[in-house]
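# Report on the structure
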Amino acid sequence: MDRYLVFGHPVRHSKSPFIHTLFARQTQQELEYGLAEPSVDEFAQALRTFFDQGGKGCNVTVPFKEQAFTLVDRLSPRAKRAGAVNTIKLTDDGVLLGDNTDGAGLVADLKSHGVTLADNRILLLGAGGAARGALAPLLAELPSELVIANRTHTKAQQLAAEFHDLGPVTAQTYEQLAGPFDLVINSTSASLQGELPPLAPALIHTDIAIYDMMYGASDTAFISWAKQHGARQTMDGLGMLVEQAAEAFTVWRGIRPGTKQVLRELKRNLGVI
Ligand code: ATR
């Protein structure tokens, strides 16, 4: 049977095996999908061994995405732009192709929630790997403006300069930000520590859409905060997780699984509904 897995550390709680097993059942594909948790030093060898032993493809998650970028034979244009690889496919001619489906997953999830990106003002919080992966797919949707704000302003400035050729992207400090924005995307890891990016509450209004790439069994700190200040449309990153997986599955198998039912089952599995 064709073998796939996700590399991460820690990865024991990953939902990827659950998601891909449901995709395989739904599309009647014969495959198995597991987990691997090598140390940072062991990752390169573990990746090589997996493919030497007949593995067909893998996902790569924290903290290996940047390392995977350097280990593959060839990069897709979107992986090159993202500077990170979350999906690897062994092609028929034996080449390890590195791809990145995170940004496509974000945009697909935003659209599935009915969020308009074209001609709208988007505020992206954070300038780490998650922000970098999101920028090109967001700019491809032709927003009127995309502003990056980050605690360390120089990192936001670097990102804006790097992606300037793709659209109207600028960097502003949290203090400089002037609304109204139509959509705020939180790509920071602040919610992991229950912390908040230092955003002025005045930027939140009833028609704004709020997206947190993090997720949990209950609202993230950022989503709770946005709701308290009047946001009516809030979304967490669970849908992005399922959509990036669907995109990876499509890269591997050439068949696109449906995501709605799988997302519902995942929520049930997590006790969210
Ligand atoms: P990832 O790959 O998930 O993006 P990362 O590259 O470590 O992770 O980036 C984390 C991002 O969250 C950074 O933009 C970080 O801001 P700094 O560049 O200033 O470090 C941001 N971040 C983390 N904790 C934060 C907090 N409490 N408030 C604001 N931003 C935070």
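Up top you'll find the structure we're talking about.
Notes on the structure follow. (Residues numbered from 1 in each chain as written. Predicted model: local features only at pLDDT ≥ 70, side-chain atom pairs only at ≥ 80, totals over all residues. Heavy atoms only, no water.)

## A closer look at the overall build of the protein
For the record, the criterion: Under the DSSP-based scheme used, a helix requires at least four consecutive residues in state H or I and a strand at least two consecutive residues in state E, with every element numbered from the N terminus. Working definition: with a 1.4 Å probe on protein chains only, accessible area under 20% of the residue-type maximum means buried, over 50% means exposed, and in between means partly exposed. We call two residues in contact whenever any of their non-hydrogen atoms come within 4.5 Å of each other. Surface exposure here means Shrake-Rupley accessible area, sampled with a 1.4 Å probe, where a residue is shielded only by the protein chains that are shown. None of His or the chain ends enter the tally, which takes Lys and Arg as positive and Asp and Glu as negative. All charge positions are set by atom: Lys at NZ, Arg at CZ, Asp at CG, Glu at CD.
Regarding its fold elements, the protein presents 10 helices and 12 strands. A burial count over the protein gives 49% of its 273 residues as buried. Across the protein, the fraction of contacts at a sequence separation of at least 24, relative to all contacts at a separation of at least 6, is 68%. Carbon together with sulfur atoms contributes 50% to the accessible area of the protein, which is approximately 12600 Å² in total. Within the protein, one finds 25 positive and 29 negative side-chain charges whose respective centroids are separated by 3 Å.

## A short note on the sheet that holds strand E2 (residues 31-36)
Quick note on the threshold: Any two strands between which DSSP finds at least two bridges are classified as paired. Axis angles are defined between N-to-C directions and span 0 to 180 degrees, where every axis is a line fitted to C-alpha atoms and, for a helix, only to the segment in contact.
As summarised here, the arrangement of the 6 strands in space is E2-E1-E3-E5-E6-E4, forming an open sheet in which the pairing is mixed. With one partner strand each, in any of the chains shown, E2 and strand E4 (74-75) form the two edges of the open sheet. The sheet contact formed by strand E5 (residues 87-90) and strand E6 (residues 96-99) spans 4 bridges and is antiparallel. By the bridge assignment, Lys89 is partnered in E6 with Leu97. The sheet contacts of helix H1 (residues 16-27) involve strand E1 (2-7), E2 and strand E3 (57-60), and relative to E2 the element is tilted by about 175°. The sheet contacts of helix H2 (residues 43-52) involve E1, E3, E5 and E6, and relative to E1 the element is tilted by about 170°.

## Points about the pairing of strand E7 (residues 121-125)
A regular strand carries its side chains on alternate faces of the sheet. Put simply, the test is: For crossovers, right-handed means that the path from the first strand over the helix to the second runs clockwise, given strands pointing away from the viewer.
Across the 5 residues that make up E7, a large majority, 5, are buried. Every second residue of E7 is oriented toward a common face, with Arg121, Leu123 and Leu125 on one face and Ile122 and Leu124 on the other, all of them buried. Note: E7 against strand E8 (residues 145-149), 5 bridges, orientation parallel. Looking across to E8, one finds that Leu124 is bridged to Ile148. In the classification by handedness, the crossover that spans E7, the intervening helix H6 (residues 129-139) and the parallel E8 is right-handed. The sheet contact formed by E7 and strand E10 (residues 183-186) spans 4 bridges and is parallel. The residue of E10 that forms the bridge with Leu125 is Asn186.

## Brief notes about the site of the ligand
Definition in use: Note on terminology: near, applied to a residue and a molecule or strand, indicates that one of the residue's heavy atoms is within 4 Å of it. Each polar contact in these results corresponds to two N or O atoms within 3.5 Å; when the atoms are within protein, one needs to be able to donate a hydrogen and the other to accept it, and residues that are neighboring in sequence are counted only if both atoms are side-chain atoms. All residues other than Ala, Val, Leu, Ile, Met, Phe, Trp, Tyr, Cys, Pro, Asp, Glu, Lys and Arg, Gly among them, are scored as polar; the first ten of these are nonpolar and the last four charged.
In the vicinity of the ligand there are 15 residues, among which Ala130, Asn150, Thr152, Lys155 and Glu195 approach most closely. Between the ligand and Arg151, the relevant distance is 2.9 Å, taken from an oxygen atom to a side-chain nitrogen or oxygen of the residue. Between the ligand and Ser189, the relevant distance is 3.2 Å, taken from an oxygen atom to a main-chain nitrogen or oxygen of the residue. When the ligand is considered free in solution it has 650 Å² of accessible area, and contact with the protein chains removes 75% of it. Across the shell around the ligand, the residue classes break down as 5 nonpolar, 7 polar and 3 charged.

## Focus: the nonpolar core
Here is the rule we go by: Take the buried residues of types Ala, Val, Leu, Ile, Met, Phe, Trp, Tyr and Cys, join any two whose side-chain atoms come within 4.5 Å, and each joined set is a nonpolar core.
Judged by nonpolar contacts, the single largest core of 27 residues is most densely connected at Leu110 and Ile185. Contributions of two or more residues to this core are made by helix H5 (102-112), E7, H6, E8, helix H7 (153-163), E10 and strand E11 (209-212). Tallying contributions element by element places H6 first for this core, with 5 residues. Apart from the residues lying within four places of it in its own chain, the contact partners of Leu110 are Val115, Leu117, Leu138, Leu183, Ile185, Tyr211 and Met235. Counting 20 residues, the second largest nonpolar core, distinct from the first, contains Val11, Phe23, Ala24 and Leu241.

## Overview of the packing of aromatic side chains
Definition in use: To pair, rings of Phe, Tyr and Trp, with the six-membered ring standing in for Trp, must have centres within 6.5 Å; the planes then decide the type, stacked if under 30 degrees apart, edge-to-face if over 60, and tilted in the middle.
Tallied over the entire structure, the rule returns 8 aromatic pairs. Between Phe7 and Phe43, the aromatic rings sit 5.4 Å apart at their centres with planes inclined by 80°, giving edge-to-face as the arrangement. One end of the pair, Phe7, is in strand E1; the other, Phe43, is in helix H2, with 36 residues separating them in the sequence. In this structure Phe43 comes out as buried when scored by relative accessible area, which is 0%. Note on Phe50 and Phe51: the rings are 5.0 Å apart at their centroids and 65° apart in plane angle, and the pair reads as edge-to-face. For Phe50, a relative accessible area of 6% translates into the label buried.

## Observations concerning the pairing of E1
As paired elements, E1 and E2 share 6 bridges and run parallel to each other. Along E2, the bridge assignment pairs Arg3 with Glu32. Regarding topology, H1 serves as the crossover connection from E1 to the parallel E2, and that connection is right-handed. The pairing of E1 with E3 spans 4 bridges and is parallel. Looking at the pairing, Tyr4 lines up with Gly57 of E3.

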